[in-house]
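# Close look at the chain arrangement
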Amino acid sequence: MLFNSLHFLIFFPIVVLIYFSIPHKYRWILLLVSSYYFYMSWKAEYIILIIISTLIDYIVAIEIYKSKNQRKRKFFLSLSILVNIGLLFAFKYFNFFNDQMRLLFNHFSLAYNIPAFKVLLPVGISFYTFQTLCYSIDVYRNKIKPLKHLGKFAVYVSFFPQLVAGPIERASHLIPQFFEKHNFDYRRVVQGLKITLWGFFLKIVVADRLAIIVDTVFNNIYDYKGFSLIFGTYFFGFQIYCDFAGYSFIAIGTAKILGFSLINNFRRPFLAKNIAEFWRRWHISLSTWFRDYAFTPFYLKLKKNRIISKFSQKMQHNISFILSTLVTLTLLGLWHGANWTFLAFGFYHSLMISLYYLTKKYWDRMNKYIQILLTFHITAFGWILFRANSISESFYAITHLFTGLNQIKDYILNTNLSKGIASNFLGLGSPDKILIAVLLIGFVEGAHILQEHISIEKYLRTRPFIRWSCYLLLLFGILLFGVFNKTPFIYFQF
Amino acid sequence: MIKKFIKKTIFFFILTSLLFFSINMCYENFVLKKTLLAKTDAQFIDANKEGINILFLGASHTKRGINPLLIPNSFNYASADENYAETYYKLKTLIEKKQLKPQIIILPLELNSFTSKRIERFNNGWYWKKYIDFQEFAKFNPKFSILEAEITSTFPVLGNGLDFLSIIIKGKSEMVKGHKRTYRDFSQISNKEQEAIVKANSHFKNTKLIDERLVFYLKRILDLAKENNIKVLVIKFPITEEYYKASLRYIQDIEKFNDITEGIVNDRKDVILVDYQRLYWGNYSLFHNSDHLNAKGAEEFTQVIKKDIENILKEKNNNLLKRKKPKKIIFKE
């Protein structure tokens, strides 16, 4: 079920109504049934994967906790990793690696007969497998105790607001909330509604409008060059932000209405002053997941490495840090999808972060606004790798970004509005649509800049007229300027 | 606390509903009434008073490419983006409910007439609900949601707020007897190839080239015409060479493609198909863009079509229409 569908607009109020009408002890049943229904309305049979992941991690966590034998504990943890990563590999990465092997075998004229695994990628598999995985690891690390209530654990794995595209919740944060009684709290519900409204605005109005322009360019990349590609890349940066942050806000808002608090996934990432800060503001639940469960253990392991430990303390840190960053960020890139482009995206970001740390003392001396602008452009360059459909397409885009830049001049010279000639701006769409897209981006980033300096929430609290005007502005923005073609969220494919 | 919430929710709901209904009403009165669709309907009523014998149907190629002022008792009832399903329901309504009985209808057969894109989008519900039986349409289109269609057709302003700009920004096109006249001159465009590629991409990328549902609806149109003794002329409209070549990037086997699409029409003995795709190759000043004629082009082309129609109608008088369909389609260059 998509958040931006009529189906969800009917489903959610019904769930809320029943949720607050039934006693607390039965609410987990409602949440479980509604979460499974939410998922099954996309593809019913894939619920089995969630059930497998749930059962394995439920049992494994209890066994890890019970066992005093370290080898046994390790065995159960490995089992959890094997099952979750196995599911992920089978459904998401198998065909990619299989294709690469086939290419390799063909290159050496060898026979290769392993067929492709023809199945749809289960929506949200990367999110719920990572969520259950961190639960088992946390139990293994004695950070949390295993949950004995299978039903509530199943709700933790499948909680519908964040099931298909996160935020990836830590067990220590979300599970205790299933035991708390959530009464109907007017302020909390209103706050949840406001967050949801903002999420819908970002998705339906901004992201989906930008998507029309972005898809025109990136789905036909060889037909574009110069400013068309540059605009397409900028627009994609804002599209993916508004799409994913929009989803996260709807998830956070709807969970809040039900009384749950989810981790904030985005913190105005395009105002980051360096690339490391960007990752502390972008997809926070994933970047912290990789920090805690991949980067840190790897870094500590490297530091203890026999060869590395021979260097000075500073060098030990630098080598371990850079190597861990390279591995972690590359894996993070690959997490997004089975394509060389995502691998390149991750690798590129790991290089940029390493470079930043090596040049930190010079970078940090720069003017704040130049830092923001440069960081924005570093990330924008990364979006080309992320959005292009293949490595060769991204190579084409990168090598053609600055060719044919006289397009704008040609466009102006050819434009004769009185004859209605200016119907298509650089092949991106009609000029009014481009203008609207730019205005929408300005509106969103304007709000972000404002939020960076003052608390909009606090400001509006004492000004009911402005507050209500803002609600109406957003609501009517969605109703009048929304794109209602049920465009799926970009992160659903991951 | 719940009481407070309910009270405020009701207040908010009433306020937004009132506002929304008002905006929707403004949209219907100030925007929709000025749309080409509404104007076409109004011009149709006037034209119908004088009698309509020749009816041009279809999408933007027809809309821009035929000037009915040059053909007595004719009307251009095409609309942009119209697909065969919509044309079928429109024709059915005209015949059954408005008792219109033209002697001949003229339909387009374009390279992108059968793409899935054309039937999978449903726009302008406010207009099509007059013609389309949503229940029946949904039977043949499993993805079509009747509820959503009802909502969008009742509240056409949903997602279309940008159209309010049309009140401020006046379009440069005009309309006569359903024909949209535009004066853009494609010969003045420096990068014709690029524009054609962008157009072809928008028509053919990520879509099935021949959607069975559209084939089905074209057959239904032909059946409906036959049942009502209406002759049918099917034409392939003039396009530029650039657009034709750009389309071939997607239609790799054009021969096979033509065999299939033309076959639907050629199977009918009483239907004539004429191919004018290459008629104006190199003559860019007749085009609005890479695949549409401008007002000047429409005037020239209408004269050509007029002769074809006269021939077909004459054949009827001389009882010559019973002749067999020519094996090869007429190819005018």
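Refer to the structure presented above.
Below you will find a few notes about this structure. (Residues numbered from 1 in each chain as written. Chains lettered and ligands numbered in written order. Predicted model: local features only at pLDDT ≥ 70, side-chain atom pairs only at ≥ 80, totals over all residues. Heavy atoms only, no water.)

### Describing the pairing of strand 6 (residues 231–236) of chain B
Residue and element names in this part refer to chain B. Within strand 6, six of the six residues are buried, leaving the element largely enclosed by the surrounding structure. Of the two faces of strand 6, the one lined by Lys231, Leu233 and Ile235 and the one lined by Val232, Val234 and Lys236 are each fully buried. As paired strands, strand 6 and strand 7 (residues 271–275) are joined by five bridges and run parallel to one another. By the bridge assignment, Lys236 is partnered in strand 7 with Asp275. (Buried < 20%, exposed > 50% of the residue type's maximum accessible area, 1.4 Å probe, protein only. Helix = DSSP H or I, 4+ residues; strand = E, 2+ residues; numbered from the N terminus. Pairing = 2+ DSSP bridges.)

### Notes on the pattern of salt bridges
Residues and elements named next belong to chain B. Inspection of every chain in the model, using the stated rule, returns 29 salt bridges over all chains. Residues Arg121 and Asp81 are paired through a salt bridge, measuring 3.1 Å at the closest nitrogen-oxygen approach. Here Arg121, found in the loop between helix 5 (116–120) and helix 6 (125–128), pairs with Asp81, found in the loop between strand 2 (74–76) and helix 4 (84–96); they are 40 residues apart in sequence, far enough to count as distant. The class for Asp81 is partly exposed, based on a relative accessible area of 39%. The salt bridge involving Lys199 is made with Asp291; its shortest N-O contact spans 2.8 Å. You can see Lys199 sitting in helix 10 (residues 192–204) and its partner Asp291 sitting in the loop between strand 8 (287–289) and strand 9 (292–293), a full 92 residues away along the chain. (Salt bridge = Lys/Arg side-chain N within 4 Å of Asp/Glu carboxyl O.)

### Here's the deal with helix 7 (residues 171–179) of chain A
Residues and elements named next belong to chain A. Those residues of helix 7 that fall on the buried side of the exposure criterion are Ala171, Leu174, Ile175, Gln177 and Phe178. The buried side chains of helix 7 occupy one side of the element, clustering within an arc of 155° when seen end-on. Looking at the packing, one finds that the buried side of helix 7 touches helix 2 (24–40), helix 5 (125–140) and helix 6 (150–158). (Arc of directions from axis to C-beta. Contact = heavy atoms within 4.5 Å.)

### Remarks on the interface of chain B and chain A
Listed per partner, the contact involves 35 residues of chain B and 33 residues of chain A. A buried area of about 3100 Å², summed over both sides, lies between chain B and chain A, and 68% of it is on carbon and sulfur atoms. Summed over the shared surface of chain B and chain A, the result is one salt bridge. Between Arg249 of chain B and Asp223 of chain A there is a salt bridge whose closest N-O contact spans 2.8 Å. Our count for the chain B to chain A interface comes out at eight residue pairs in polar contact (both at pLDDT 80 or more). Among the elements of the structure, helix 1 (2–31), helix 8 (146–154) and helix 10 of chain B are those that each provide at least two residues to the side of chain B that touches chain A. Considering each element in turn, the side of chain B that touches chain A owes the most residues, eleven residues, to helix 1 of chain B. Looking at side-chain class alone, the side of chain B that touches chain A contains 19 nonpolar, nine polar and seven charged residues. (Buried area = accessible area lost by both parts, 1.4 Å probe. Polar contact = N/O pair within 3.5 Å; in protein donor to acceptor, adjacent residues only side chain to side chain. Nonpolar A, V, L, I, M, F, W, Y, C, P; charged D, E, K, R; others polar.)

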